[in-house]
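Coordinate analysis (summary)
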Amino acid sequence: MDLPKSSLEDIEIQLLLEGVYQYYGYDFRNYALSSLKRRVQSFMHLEGLTNISALQERLLHNRPCLDRFLLSLTVNVTSMFRDPSFYLAFRQQVIPLLRTYPFIRIWHAGCSTGEEVYSMAILLQEEKLYHRCRIYATDTNERVLQNAKNGIFSLRLMQEYTQLYLKAGGQKSFSEYYTAAYDNAIFRASLRENVIFAQHNLATDSSFNEFNVILCRNVLIYFNQVLQKRVHTLFYNSLCTFGILGLGKQESIRFSPYESYYEEVAQGEKLYRRLN
């Protein structure tokens, strides 16, 4: 039986990604092809290029173009207390487990611009656990990490974030956590005291610690099955026994090699506990 042939565009994209990986070390070769194609085509349009081969030549000879390309490929759609029922379930089901640990290590993998990192820091402060925590917030993109470190977000979003915070079980006035300055909301420096922001690539890098909690929400949906399997293995090997894994609404451990090694903590909220 003849196998279906790859389209010329698919071949060009694979060559492009291979070139970026070989020359710069950024590995997008196992990202989901359909969404990847859309973002490559959109970037080509912005750069005024008509074909992928021309894009490859520009990327390999123009580092600023590569930096723009990285921003276009890494999806940085996020918000504070995104899916508030997840945070409410975390308060109710996970916090009592974390109270039993003298020290808590949390890994936010694919943290983007940091809104969810600050959300978790606020939650942990309110539950009086933050002083016992170390949060490792990682992303493959250095520029978005810098934005996360700054902790400055648009002031116009604060009304929406306030509503999400309250739905997530927020216990104070949300405005206590930031200072308004012109069009920006500058979040309290105390929320960053126990956070380490660092570059980490889920496609190529290995485990760097043992964690009580790993949060990777709305990242796996952009990976193909090969890369999803790699990341699930990485997370399983990085979690302590009875450690918590939190995924996004459209993500699951189902059909992963480790499905039987977890139990669900909160039904429907994609919070799982690693079994012994």
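Computed from a predicted model, the values in this text were never measured in an experiment.

**Thoughts on the overall build of the protein chain**
Within the protein chain, the secondary structure is distributed over nine helices and ten strands. Principal-axis analysis of the C-alpha atoms gives the protein chain an extent of 55 × 50 × 30 Å. A buried classification covers 49% of the 276 residues belonging to the protein chain. Excluding contacts between residues fewer than 6 apart, the proportion of contacts in the protein chain whose partners are at least 24 apart in sequence is 76%. For the protein chain, the exposed surface amounts to about 13600 Å²; the carbon and sulfur share of it is 49%. Looking at the protein chain, you have 30 positive and 27 negative side-chain charges, and the mean spots of the two groups are 4 Å apart.

**Some remarks on the sheet that holds strand E1 (residues 104–109)**
Taken together, seven strands build an open sheet; the order of strands is E6-E2-E1-E7-E8-E10-E9 and the sheet is mixed. The open sheet has two edge strands with one neighbour each: strand E6 (195–199) and strand E9 (262–266). Neighbouring strand axes in the sheet, compared pairwise and without regard to direction, differ in orientation by 20 degrees on average. Bridging between strand E7 (residues 211–216) and strand E8 (residues 239–247) involves five bridges; their strand directions are parallel. Looking at the pairing, Leu215 lines up with Gly246 of E8.

**Details of the side chain of Arg91**
Within the fold, Arg91 resides in helix H5 (residues 84–98). Arg91 sits in the buried class, given a relative accessible area of 8%. Residues within four places of Arg91 in sequence aside, it is in contact with Pro96, Leu123, Glu126, Glu127, Ala168, Gly169, Gly170 and Gln171.

**A closer look at the environment of Ser175**
With respect to the helices, strands and loops of the structure, Ser175 is situated in the loop between helix H8 (158–167) and strand E4 (178–181). On the accessibility criterion, Ser175 (39% relative accessible area) is partly exposed. As a C-alpha pair, Ser175 and Phe187 span twelve residues in sequence and 9.4 Å in three-dimensional space. Polar contacts involving the side chain of Ser175 include one to the side chain of Ser173, which spans 2.9 Å.

**Overview of helix H1 (residues 8–24)**
Along an α-helix, residues three or four positions apart point the same way, because every turn accommodates 3.6 residues. For H1, with 17 residues, the first-to-last C-alpha span of 24 Å sits near the 24 Å given by 1.5 Å per residue. Those residues of H1 that fall on the buried side of the exposure criterion are Asp10, Ile13, Leu16, Leu17, Gly19, Val20 and Tyr24. The inward-facing, buried residues of H1 contact helix H2 (33–47), helix H3 (52–61) and helix H4 (63–73). Just downstream of H1 lies Gly25, where phi reads positive at about 90 degrees.

**Details of the side chain of Arg217**
The topology assignment puts Arg217 in the loop between E7 and helix H9 (225–238). Among the residues examined, Arg217 registers a relative accessible area of 7% and is labelled buried. Of note is the side chain of Arg217, whose polar atom sits 3.5 Å from the backbone oxygen of Leu247. Dropping the residues within four chain positions of it, Arg217 is found in contact with Arg82, Asp83, Phe86, Tyr87, Glu116, Gly246, Leu247, Gly248 and Glu251.

Criteria and cut-off values
Starting from 1, residues in each chain are numbered consecutively following that chain's sequence as written. The model is predicted, so local features are restricted to residues of pLDDT at least 70 and side-chain atom pairs to those at 80 or more, both for listing and for counting; the totals for chains, interfaces and linings are taken over all residues. With hydrogens and water excluded, all non-hydrogen atoms of the structure serve as input to the side-chain values. Only DSSP runs of H or I covering at least 4 residues are called helices, and only runs of E covering at least 2 are called strands; the numbering of each starts at the N terminus. Buried residues are those whose accessible area, probed at 1.4 Å on protein chains only, stays under 20% of the maximum for their type, while exposed residues exceed 50% and partly exposed ones sit between those limits. Here, two residues are considered to be in contact whenever any of their heavy atoms come within 4.5 Å of each other. Only the protein chains shown count as covering a residue, and every accessible area follows the Shrake-Rupley method with a 1.4 Å probe. For the charge count, each Lys or Arg is scored as positive and each Asp or Glu as negative, with His and the chain ends excluded. The location of each charge is read from NZ of Lys, CZ of Arg, CG of Asp or CD of Glu. Strands are labelled as partners when DSSP assigns at least two bridges between them. As a rule, the C-alpha atoms of each element are fitted with a line to give its axis, helices using only the stretch in contact, and angles between N-to-C directions run from 0 to 180 degrees. Residues adjacent in sequence count toward polar contacts only when both atoms are side-chain atoms; beyond that, a polar contact is any pair of N or O atoms within 3.5 Å, and within protein one must be able to donate a hydrogen and the other to accept it. One less than the number of residues in a helix, times 1.5 Å, gives the span that helix is expected to have.

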